[in-house]
Amino acid sequence: MTQVIAVANHKGGCGKTTTVVNLAAEFARMGLSVLVVDMDPQANASLHLGKKHPSEVPVTTAELLLAEVEKLPSAIYEDNHIPGVGLIYGSLQLGKAEDELKDETPRPSEELRQKLAPLMGLYDVILIDCPPSLKLLTSNALAASSQLIIPIESGSQYGLYGVTDLLRHVQRIRRINPQLELLGALLVKHDERQTVCRLIEGAAREQIGKLLPVRIPTSTRVNQAAMAQTSLHSLDRSAKVAREFRALAQLIATQLALNPRAPTEETETNDQDVQES
Ligand SMILES: Nc1ncnc2c1ncn2[C@@H]1O[C@H](COP(=O)(O)OP(=O)(O)O)[C@@H](O)[C@H]1O
Ligand SMILES: [Mg+2]
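Residues numbered from 1 in each chain as written. Chains lettered and ligands numbered in written order. Predicted model: local features only at pLDDT ≥ 70, side-chain atom pairs only at ≥ 80, totals over all residues. Heavy atoms only, no water.

1. Notes on the overall build of the chain
Next, step 1: Looking only at helices and strands, the chain has 13 helices and eight strands in total.
Next, step 2: Its C-alpha atoms give the chain a radius of gyration of 18 Å, within 12% of the compact-globule value 19 Å for 277 residues.
Next, step 3: Taken along its principal axes, the extent of the C-alpha atoms in the chain is 55 × 40 × 35 Å.
Next, step 4: The buried share of the chain, reckoned over its 277 residues, is 55%.
Next, step 5: A fraction of 80% describes how many contacts in the chain between residues 6 or more apart in sequence connect residues 24 or more apart.
Next, step 6: Here the chain has roughly 12,300 Å² of accessible surface; of this, 51% comes from carbon and sulfur atoms. (Helix = DSSP H or I, 4+ residues; strand = E, 2+ residues; numbered from the N terminus. Rg over C-alpha atoms; globule rule 2.2 N^0.38 Å. Buried < 20%, exposed > 50% of the residue type's maximum accessible area, 1.4 Å probe, protein only. Contact = heavy atoms within 4.5 Å. Areas by Shrake-Rupley, 256 points an atom, 1.4 Å probe, with all protein chains shown as cover.)

So, in structure tokens, the structure goes:
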């Protein structure tokens, strides 16, 4: 079965898009079939992954949400900057789509789930990048998902600001999507040596209850990879940040019993003897 993983936190800049893009890249390298669904009007995941500018794409998540399900095939782009990662683009139109959903649909939170239903079984994993708000776009993402990752910026004293609102929102969505499970909070820009990071780690464990056992360090590689429209692995597979995303993907694949097919050539190269960076 397809696992649908939402990466959500209404706090901006906490690492949602970076997590979606690099997890997608790692899952694809494992030989899993992967689709990224961009639900953010800022379309950062689309700008990173896509070969087109979001404004030139006729069917993005905005149109898909409001259209009939027949539009689905024309929304999916398979040829993107990161090999093996499919994409449904996001666009600025999502803001307008959100308003229209609210006014014109009987079950406004369930449109995405309905639109993605034909893909269940076709992809191994679908990753949904959420916008920095708790409104309908995020509700749609959560209602369409089986799993949730909450990135938390651990280097910021405000990293957990608003997280109780998010958890309350998740509880509400569970009324329409009882399958939604929390994979865990993911500490991003984490540095064990910093007091603020250790404090946020403790508070996150207490408030969210579940922490993923991988910590994503701060690295200039993250911006470089986005600029180069590539994955952290392709940019510098030996960098600690790349290795942590690899470890995270492996952990999730094991936990969710995602079964990779034959590994791609790239995965067979010497990943073991990488250096700390
Ligand atoms: N581990 C990291 N180290 C350094 N910079 C990071 C890291 N993760 C994210 N960033 C940077 O922080 C900014 C916000 O990250 P992003 O993934 O876009 O967050 P969100 O999608 O939650 O807004 C981006 O400029 C990104 O390059
Ligand atoms: Mg983002």
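2. Some words on the UniProt feature "domain: AAA" (unreviewed entry) in the chain
Next, step 1: In the UniProt entry, the feature "domain: AAA" (unreviewed entry) is given for residues 3-181.
Next, step 2: For residues 3-181, the end-to-end C-alpha separation is 11 Å, with 37% helix and 16% strand making up the annotated structure. (UniProt positions renumbered as here; feature names shortened; annotations may be inferred.)

3. What to know about the side chain of S91
Next, step 1: Within the fold, S91 resides in the loop between β4 (85-88) and α5 (94-104).
Next, step 2: Within polar-contact distance, the side chain of S91 engages the side chain of T60 at 3.3 Å.
Next, step 3: Excluding anything up to four places from it in sequence, S91 contacts D40, P41, A43, P54, T60 and A62. (Polar contact = N/O pair within 3.5 Å; in protein donor to acceptor, adjacent residues only side chain to side chain.)

4. Focus on the nonpolar core
Next, step 1: Ranked by size, the top nonpolar core spans 45 residues in total, and within it V37, I128, L148, I152 and I208 carry the most contacts.
Next, step 2: Per-element tally for this core: the top contributor is helix α7 (residues 136-143), with five residues.
Next, step 3: Judged by nonpolar contacts, the second largest core, of 42 residues, contains L183, L232, V241 and A253. (Core = buried A, V, L, I, M, F, W, Y, C linked by side-chain atoms within 4.5 Å.)

5. Re the site of ligand 1
Next, step 1: Taken together, the neighbourhood of ligand 1 is formed by 15 residues, with G13, T17, T18, P217 and N223 sitting nearest.
Next, step 2: Between ligand 1 and G15 there is a distance of 3.0 Å, counted from an oxygen atom to a backbone nitrogen or oxygen.
Next, step 3: K189 places a polar side-chain atom, nitrogen or oxygen, 3.1 Å from an oxygen atom of ligand 1.
Next, step 4: Those elements that provide at least two residues to the shell around ligand 1 are α1 (16-29) and α10 (221-227).
Next, step 5: When residues in the shell around ligand 1 are grouped by element, the largest group, three residues, is from α1. (Near = heavy atom within 4 Å.)

6. So, the pattern of salt bridges
Next, step 1: Inspection of the entire model under this criterion finds 13 salt bridges.
Next, step 2: A salt bridge links K11 to E153; its shortest N-O distance comes to 3.8 Å. Residue K11 is located in the loop between β1 (3-7) and α1, and its partner E153 is located in strand β6 (residues 147-153); the two are separated by 142 residues in the primary sequence.
Next, step 3: Among the residues examined, E153 registers a relative accessible area of 15% and is labelled buried.
Next, step 4: K189 is the salt-bridge partner of E153, the closest N and O atoms lying 3.8 Å from each other. Taken as a pair, E153 in strand β6 and K189 in the loop between β7 (181-188) and α9 (195-208) lie far apart in primary sequence, 36 residues in all.
Next, step 5: Its relative accessible area of 34% is what places K189 among the partly exposed residues. (Salt bridge = Lys/Arg side-chain N within 4 Å of Asp/Glu carboxyl O.)

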